[in-house]
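One letter stands for each residue in the lines below.
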Amino acid sequence: MSIESLPLHTNEEILHLLALQIASYRVEAELIGFEDIPPLKDGIQSIREAEETFYGYYVQEENERKLVGAISYSREGCVVTICRMMVHPHFFRRGIARALLEHILQKQENNGVQLFIVSTGTANLPATQLYQSFGFIVKRVFTVPPGVSLTTFERPGLIREK
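Keep in mind the model is a prediction, meaning the values are calculated, not measured. (Residues numbered from 1 in each chain as written. Predicted model: local features only at pLDDT ≥ 70, side-chain atom pairs only at ≥ 80, totals over all residues. Heavy atoms only, no water.)

Participant: What am I meant to see in the pairing of strand 5 (residues 115-121) here?
Facilitator: In summary, the side chains of a regular strand alternate between the two faces of the sheet. The element strand 5 is extensively covered by neighbouring structure, given that five of its seven residues are classed as buried. Across four bridges, the pairing between strand 4 (residues 79-87) and strand 5 is parallel. Paired with valine 79 across the bridge in strand 5 is leucine 115. Note that strand 5 and strand 7 (residues 149-156) share seven bridges and pair antiparallel. When the sheet's bridge partners are listed, phenylalanine 116 is paired in strand 7 with arginine 155. (Buried < 20%, exposed > 50% of the residue type's maximum accessible area, 1.4 Å probe, protein only. Helix = DSSP H or I, 4+ residues; strand = E, 2+ residues; numbered from the N terminus. Pairing = 2+ DSSP bridges.)

Participant: Looking at this structure, how should I read the sheet that holds strand 3 (residues 64-76)?
Facilitator: Strand pairs in the sheet, formed through backbone hydrogen bonds, run parallel or antiparallel to each other. The strand order across the open sheet built from seven strands is 1-2-3-4-5-7-6, with neighbouring strands paired in mixed fashion. Across the chains shown, the open sheet's two edge strands, defined by having one partner strand only, are strand 1 (2-5) and strand 6 (137-143). Pairwise comparison of adjacent strand axes, ignoring direction, gives a mean angle of 25 degrees for this sheet. Bridge count for strand 2 (residues 53-61) against strand 3 is nine bridges, and the pairing is antiparallel. The partner of threonine 53 across the bridge, within strand 3, is tyrosine 73. (Axes fitted to C-alpha atoms, helices over the stretch in contact; angles between N-to-C directions.)

The structure is reproduced here in structure tokens:
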């Protein structure tokens, strides 16, 4: 297993990420009862234009290195917004999302981040429980289309002594 920055320079690299994203977000769409979520609409161009930093979680299966999880974030000043979190359904419940989130939190706290923000479907209990286990607290619950609610969580960055 390894967590690495995803360069996403070639269409092939982006297509690997998109395949993972679609598999993962289809599960979230089912959990929240809404098929029209933005990550399911992405294509090569929208990923290429995304102003996000992507990290991937790789595993070695047989003789193949596979991208099975990914996280992306954007940073503005001392605030990081987690934009995407995805794990291939065949790899659920193996600690991959936890490892990715921990990686970004530690890396960004070491770089002076003071606040982390993330949003997810309120009915996506695995995601909400993951974020709360890392000390994220509910800041806002809002309805997007009728009947679908999103929850925004925040967590202060930990102050690290240098």
